[in-house]
Every structure is written in C-alpha cells, then in structure tokens.
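Below are the chains, spelled out letter by letter.
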Amino acid sequence: MNNRFVLIKYRPDYELPEKMPIVHEAFLDFSWNDTIELIYTSAPGPSGFMWLFGQAIVGQTKDMFCLLGYQRTRMKEAKKSNIFNNYVGFLCHLPRELEFGDRLTIMNGEKIVNSVARYNPQHYQAIGKPRYFLCFVTTIRNMAYLVDEWYEYHRRVGFDHLIIYDNNSTDGLTTLFTNRADLEIIRWPWRRSQNQAYTHALLFTRDRCIWTLMSDLDVFIFPRSSNSVRSVIENQARSDIAQISFKLLRMSHENLVNCTNGSITETYIHRKRLPDAWDKSSSAAFIPSLAIPMHRIHEAQLLKPYKSIVLSSDVAYGVHYSDRCWKQYFLQKIVGRTGVKDWIVPKTINIFRPNESWRKLSKGATIKDIEFRDFKRLTIIYKPKLSPLGTPILHLENSTSKSTFLEY
C-alpha cells in the first residue's frame, strides 16, 4: 500500500472567501493593561463549541463558566499560556440560540470578565475545503522593513498565502502592503498574545490551508534538496505525518551598530560554528485540521495517531536573522514584539550605545556562510537604487514577475 501523502484535488468552481474573518473586537474603546481580565476575541472550535481568547485570567477552572449572550454554559476546558501563569483560551459549549452581536465572555467565580468579543455566526461556519496548499503565518510589531523581502522570497518558493498578525505597528505596515496579492494583514493589538494569535490562525486556517507554517518574520525557509518548500513537504509527508519541523540556523549581527538599507540576507552572512549556530527551537509546518488547540508557538500538538518529524538540514532548514543591527534589535526589545518591554533598560545603554550582551551574541561568529544568500539570489535579484529624494530603494526582480519597489 502506498503510504505517501496524497494531495486532494478540488473542483475549480468551488469559490472560497478571499479573506479571513475580520477581528472586529480589535477596536477597543477603553484603555487597559496586562492586569485587566479581558476576553477579546473568539474562534471556531469542534462542532458545537467555540474558543474564547483573553488575558490575565487567574483562578480555578472549577469556578469558571462560559457566559454566551445571556446563557451560562459549561466550559469544556481551559488552556494556560506557555509563558505566563494565566489562562488564555477557553473552550465553550455553543448554544444554538445565540444571535449576531451577543457578548461572549466567561464567569470567573462570581465575577463576569470584561469582554469585547461578540458573536458572529459566519466565524463558526466551516468552509469545507481548503483554498491553499501552503500558508505562512507570523506575528510582528514595527517590522515593515522586513516584510517585502520575506514576502517576495516565500511566494517564490511555494507558499500560496502569507498572513501577518499585526501587533499594534506604527510604521505604516498596512499602508505599504494592503494591496499585495496573497498577503493578509490582521489587526491583533493585544499584549502578550502570540500564543493566542497562532491558535486563532490555526483554527481559521484549518479550512483554508492544507499545510500551515508558523514562524517569525525574520525566518527564511531554505529548501536545500529542492527549489521549492512545497515540493519538500510533498516529498517528506506520509499519511501518518501531520507536522514537519525545520531547524533554525541563526546568523550573526557582526557588531553592526548602524543599520544598512540593504537586504538582511545580503547583510548578515556570518554565523557560529556548528552545532552552536542552531537554535534550540524550530519552526513547524503542520496540517491544521489534524492539530489540537492551543498552539505552542511555532509547534502544534497533533491528534493521535499523527506524528511529527524534524527535517535533516540536508533537506531543508530555516535561516534565522534574529540578531540584527543594534538599532533594530534595541527597538524590538524596548517596545517588545507583544506590546510589552522585554527589557528594563539601564541608563547606560540607548539606541546609539549597545550593551555588552548584544555584542556577545556575535562572539565566535566567524564562519562565512553564503549558501542561502546565493540560493536566494537565483530567486530574487537585488539592485539598489535611489528615489528622487535620495532614499535607498530595494529593487526586487525576477524573470517571471514584475519588479517591486519598497522605499525605506
């Protein structure tokens, strides 16, 4: 019996929505912080259930109930954050009598938790058949300068659809990229919410994508055994494999205090010796319809009896450009990718003055590694130009598509 994964073919006349459901709850009309108990959005669960997502919910699950509309219903289960000691996801029984706009929340003991989540029946209707074979999902804050290169590259190596959860960016992200084909930007303003964002995407992409990869924006998937990530997945997947993990090779910032205007794949071409250059974690592509919420940040929990495999670096891996120039690194840490500061910044460092820990990140990064850069050059050709104002422009060009320009 052939144990290979068989692609499902769909009728060409089967039309699916172009966009994921808009997260209307993103538009908060009050100020809040990490200490406020809040339910902020929902997503479809298994038949007859829905997931609610929130923050700062601390207590005993035996004292928690769902409050949907005016009906108190049982809570099937609750999930804690992977990082913080609070509950972030709640699986609720879904009553049939709910109406559009009904409030969705939980009771935590005797307290009704504040909520901006509202019922929209369209969110819970299964599409039925996936639209895309391979999707890429990421969460970002103020990283628009990386989007163009990330998007152009991954569209050319087999990703059909790319989704960005925008965590309150102020750098013009939606203005720059709103009209890109197969790039979807979802407003996701809630702090400390990467785990919830990925679970939200897992639930909504299960009816839209056969395979979904979740990773950081500064990760580029390198298909070493092929010229396509899609073909790697097709070649590696079997009927019992529902998750394929890519090891991450970390490139160095090379003590660049000032940032260049060029491509990150052209700028950062040094790393540490193996095995020290490999990250401890990996990024995984999985079949969302065979995964269990909650998502565990870059890795899914699978239904039994499905399995996960980690690819050999000879087949494919991700190139991770996390340690970039000081200004970009500093802003990412001081603002925080989830809207919360990663650092308590001492007075001895600032955006012009790096700390010693940042310099130590590149200690021993003396290996020049241009294999991925050269592979990417075959996919996208970079030609630096200047705008009429003298601003550097990144020119992206290949033989099969029109040129694209992004002004920095």
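Just above, that's the structure.
The present account deals with the structure reproduced in this document.

The rules behind these values
Residues numbered from 1 in each chain as written. Predicted model: local features only at pLDDT ≥ 70, side-chain atom pairs only at ≥ 80, totals over all residues. Heavy atoms only, no water. Pairing = 2+ DSSP bridges. Helix = DSSP H or I, 4+ residues; strand = E, 2+ residues; numbered from the N terminus. Expected span 1.5 Å × (residues − 1). Buried < 20%, exposed > 50% of the residue type's maximum accessible area, 1.4 Å probe, protein only. Salt bridge = Lys/Arg side-chain N within 4 Å of Asp/Glu carboxyl O. 1 Å grid on protein atoms, 1.4 Å probe; cavity = no way out; pocket = protein on both sides within 12 Å on 5 of 7 lines; lining within 4 Å. Points joined across faces, edges and corners; volume = space filled by probe spheres on them.

Details of the sheet that holds strand β4 (residues 71–73)
Read from one edge to the other, the open sheet built from four strands follows the order β4-β3-β7-β8, with strand pairing classed as antiparallel. With one partner strand each, in any of the chains shown, β4 and β8 (111–112) form the two edges of the open sheet. In the sheet, strand β3 (residues 64–68) pairs with β4 via three bridges, with the strands oriented antiparallel. Pairing of Leu-68 across the sheet is with Gln-71, part of β4.

Thoughts on helix α3 (residues 194–205)
Its twelve residues give α3 an end-to-end C-alpha distance of 16 Å, which sits within 8% of 16 Å, the value for a rise of 1.5 Å per residue. Along α3, the residues classified as buried are Asn-195, Gln-196, Ala-197, Tyr-198, Thr-199, His-200, Ala-201, Leu-202, Leu-203, Phe-204 and Thr-205.

Re the pattern of salt bridges
Tallied over the full model, the rule gives 20 salt bridges. Across the salt bridge formed by Glu-149 and Lys-376, the nearest N and O atoms sit 3.0 Å from each other. Linking Glu-149 in helix α1 (residues 144–156) with Lys-376 in helix α8 (residues 371–379), this pair joins segments that are 227 residues apart in sequence. The pair Glu-149 / Lys-376 is uniform in exposure class, with both members buried. In this structure, the salt-bridge partner of Arg-155 is Asp-182, at a minimum N-O distance of 3.4 Å. Here the residue Arg-155 occupies a position in helix α1, and Asp-182 occupies one in the loop between α2 (173–177) and β12 (183–187), the gap between them amounting to 27 residues.

Let's talk about empty space enclosed by the protein
Counted according to the given criterion, the structure contains three cavities of 30 Å³ or more. Of the volumes computed, that of the second largest cavity is approximately 60 Å³. As for the second largest cavity, its lining consists of Leu-249, Met-251, Thr-265, Tyr-268, Ile-269, Tyr-317, Val-319, Tyr-321, Asp-369, Phe-372 and Arg-373. Elements represented by at least two residues in the lining of the second largest cavity include exactly β21 (317–320) and α8.

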